[in-house]
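# Remarks on the overall topology
Each chain is listed here by its residues.
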Amino acid sequence: MSNTTLTADIIAKEAVMILENNLVMGGLVYRGYEQEFDKRVNGYKVGETVSIRRPADFTVRDGKTAVNQDAVEGKIPVTVDKQKGVDFKFSSSDLTLQIGELSERVIEPAMIQLAQQVDADTIALYNEIPRHVTIPSGGINSFADFALAPELMDKCGIPQSDRYAVLQPSDYWAMLGSQTALYIQDAAKGAYRSGRLGMIGNIDTYMSQNVPNFTGGSRVTSDLVNQTIIDGTHTWALYKDATSLTMGVDGMNGAADTVKKGDVFTVSDVYDVNPVDKSQLDHLKQFVVMADATAAGNAIASMSFWPPMILSGAHKTCHLASGTDIDNNTIIWHGTASTAFRQNLFFHKNAFALTVVPMVKPPGAVDVGRRTYKGISVRVIPYYDGTNDDSNWRLDVLYGVDVIDSRLAVRASLAAALA
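Residues numbered from 1 in each chain as written. Predicted model: local features only at pLDDT ≥ 70, side-chain atom pairs only at ≥ 80, totals over all residues. Heavy atoms only, no water.

## Things to note about the pattern of salt bridges
For side chains bearing opposite charge, pairing can occur when the charged atoms are close. Note the following rule: Any Lys or Arg side-chain nitrogen found within 4 Å of a carboxyl oxygen on Asp or Glu counts as a salt bridge. Put simply, DSSP H or I for four residues or longer makes a helix, DSSP E for two residues or longer makes a strand, and each gets a number counted from the N terminus. Buried, partly exposed and exposed residues are distinguished by accessible area as a fraction of the type maximum, computed with a 1.4 Å probe on protein chains only: under 20%, between the cut-offs, and over 50%, respectively.
Across all of its chains, the model carries 14 salt bridges by this definition. Taking the shortest distance from any N to any O, the salt bridge between R371 and D9 comes out at 2.8 Å. Within this pair, whereas R371 is found in strand 23 (residues 369-373), its partner D9 is found in helix 1 (residues 8-22), the two being separated by 362 residues in sequence. Judged by its relative accessible area of 30%, R371 is partly exposed. Assessed through its relative accessible area of 30%, D9 is described here as partly exposed. As a salt-bridge pair, E151 and K155 come within 3.8 Å of each other at their nearest N and O atoms. Placement of the pair is E151 and K155 together in helix 3 (residues 143-155), with a separation of four residues, close to one helical turn. Salt bridges here are not isolated pairs; linked through shared partners, they connect R131, D272 and K285.

What follows is the structure in structure tokens.
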């Protein structure tokens, strides 16, 4: 077969397919916001950020008399702000090769690295998820361990469809080992021969080495809420467009005490509620710290966290079991202070979004290749080094990752520190 001189378009076509095939986390999350960035307002592109709707909620009427409710929707931003790429060079002789040979030598290794980066950026959103379960020492090595997260998902009304889990390799293979002993032919065969977990408890399960470790702050369990929070302090109208709010914390050990973005905590007597009928559930409401902070004296004047403590109405998020004010209630931190824990993720598809936007073809560039495959877009631009007879190539992707609905995900980490 004769050689074919490779062009930027041919390389872009090969690269985008390899990139899409190597995504794990990026292939499981919502991908429908790309079209929002194609829209024009008064002839202009919308820019790097668009706002999407946060749905309103309602209460059910009892009886025949109508009780009108305002449909007040919120909004949250979706941002495309990450330009990542891989740069390489080919000699003139390289560019006369067949695409298969060049793909194996250069394009595939580059795309694997780029896919790893997209996955790592997506799964790094774990630290904005408040819901959390603690796995017993030994990791996820039984169905009972695995089921803790989907059980919480069920209690919190997360939809049954499009549920996924992305596990750290140690937990994935520990769980896989437990499946090989089952008297379920397809499950045991898939686990033993193919190293595949597949669907467990209606959760489609994957492995990624990008599952991160999280090290919490030096905070202690004697910390207290230092702010008046009563019914009406936090409302949907105030926070429908927000992604965080603040409260004071005192009772800390001293100025060295810290909280880290991603620290999960509960507050005494503040319980979670059923998302439909708003009745009290049997577990405390979980919150997540949204920004690092350090104590001044024994207090943090303004600790950023999410979600708000809405105590009544259609958008009620939690139930105060006793008293009328959350001030001075104890803050209970999850996980040992200043200790690393891995953060497996269980989530509904709509918890997160990956938005990939085709990049512009620069006016001064020649032979620009740009290809889109299954919503993933890659741009390739060559530029020639005449002194050394080398062709330099840059390959770019432009994307953003966002938490769309933090209620739809659960973190699962060990009870003991990493070995």
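## Notes on helix 1
What counts, and what does not: Given a helix with a known number of residues, its expected span is that number minus one, times 1.5 Å.
End to end, helix 1 covers 21 Å across 15 residues, agreeing with the expected 21 Å (1.5 Å per residue, within 8%). All of the buried residues along helix 1 are A8, I11, A12, E14, A15, V16, I18, L19 and E20.

## Some thoughts on the packing of aromatic side chains
For any pair of aromatic rings, the description rests on two quantities: the centre-to-centre distance and the angle between the ring planes. Operational definition: Each aromatic pair joins two rings of Phe, Tyr and Trp (for Trp, the six-membered one) with centres within 6.5 Å, and gets the label stacked for planes under 30 degrees apart, edge-to-face for over 60, and tilted for any other angle. We count a charge as sitting over a ring when the NZ of a lysine or the CZ of an arginine lies within 6 Å of the ring centre and within 35 degrees of the ring normal.
What the rule picks out here adds up to ten aromatic pairs. Here Y126 and F214 contribute two aromatic rings whose centre-to-centre distance is 6.1 Å and whose plane-to-plane angle is 70°, an arrangement assigned as edge-to-face. Taken together, the residues span a long stretch of sequence, with Y126 in the loop between helix 2 (99-123) and strand 6 (132-135) and F214 in strand 10 (residues 213-215) at a distance of 88 residues. Taken as a pair, Y126 and F214 share a single burial class, namely buried. Members of the aromatic cluster, joined through ring pairs, are Y164, Y206, F347 and F352. Its end group placed over the ring of F214, R411 keeps NZ or CZ at 5.6 Å from the ring centre.

## Considering the side chain of N329
Basically, it comes down to this: The definition of a polar contact used here is a pair of N or O atoms within 3.5 Å, where within protein one atom must be able to donate a hydrogen and the other to accept one, and adjacent residues in sequence count solely through side-chain atom pairs. Residue contacts are counted whenever heavy atoms from the two residues lie within 4.5 Å of one another.
Turning to its location among the elements, N329 is positioned in the loop between strand 18 (318-320) and strand 19 (331-333). Looking at N329, its side chain comes within polar contact range of the main-chain oxygen of S268, at 2.7 Å. Each residue touching N329, except ones within four places of it in the same chain, is listed here: D223, L224, V225, V267, S268, D269, V270 and L320.

## Points about the confidence of the model for the protein
This is how the line gets drawn: Confidence of the predictor in every single residue is expressed as pLDDT, which spans 0 to 100.
Within the protein, residue pLDDT values average 84, and 87% of them lie at 70 or more. Throughout residues 187-195 the model reports pLDDT below 50, and contacts reaching past four residues in sequence, or to other chains, amount to 15 contacts.

## So, the nonpolar core
Quick note on the threshold: Among buried residues, the Ala, Val, Leu, Ile, Met, Phe, Trp, Tyr and Cys ones that are joined through side-chain atoms within 4.5 Å form a nonpolar core.
M111, F146, F346, F347 and F352 are the most contacted members of the largest nonpolar core, which totals 68 residues. Beyond its immediate stretch of four places on either side in the chain, F347 contacts M25, L28, V29, M153, D162, R163, Y164, V166, F352, L408 and A409. Counting 29 residues, the second-largest nonpolar core is a separate cluster that includes V249, V288, C318 and W333.

## With respect to the pairing of strand 14 (residues 264-273)
Counted only if it meets this: At least two bridges found by DSSP between two strands is the condition for calling them paired.
Counting buried residues in strand 14 gives seven out of ten residues, a clear majority hidden from the surface. Judged from the five bridges that link them, strand 14 and strand 15 (residues 280-289) form a sheet pairing that is antiparallel. If you follow V264 over to strand 15, its bridge partner there is V288. Taking the residues that link successive antiparallel strands as the turn, the strand 14-strand 15 hairpin has six residues, and the phi of K278 there is positive, at about 65°. As defined by bridge partners, strand 14 adjoins strand 19 across three bridges and the pair is classed as antiparallel. Bridged to V267 within strand 19 is I331. Judged from the three bridges that link them, strand 14 and strand 18 form a sheet pairing that is antiparallel. Looking at strand 18, one finds that D272 is bridged to C318.

## Description of the environment of L125
Among the structural elements, L125 can be located in the loop between helix 2 and strand 6. Assessed through its relative accessible area of 9%, L125 is described here as buried. Between the C-alpha atom of L125 and that of S406, which follows or precedes it by 281 residues, the distance is 9.6 Å.

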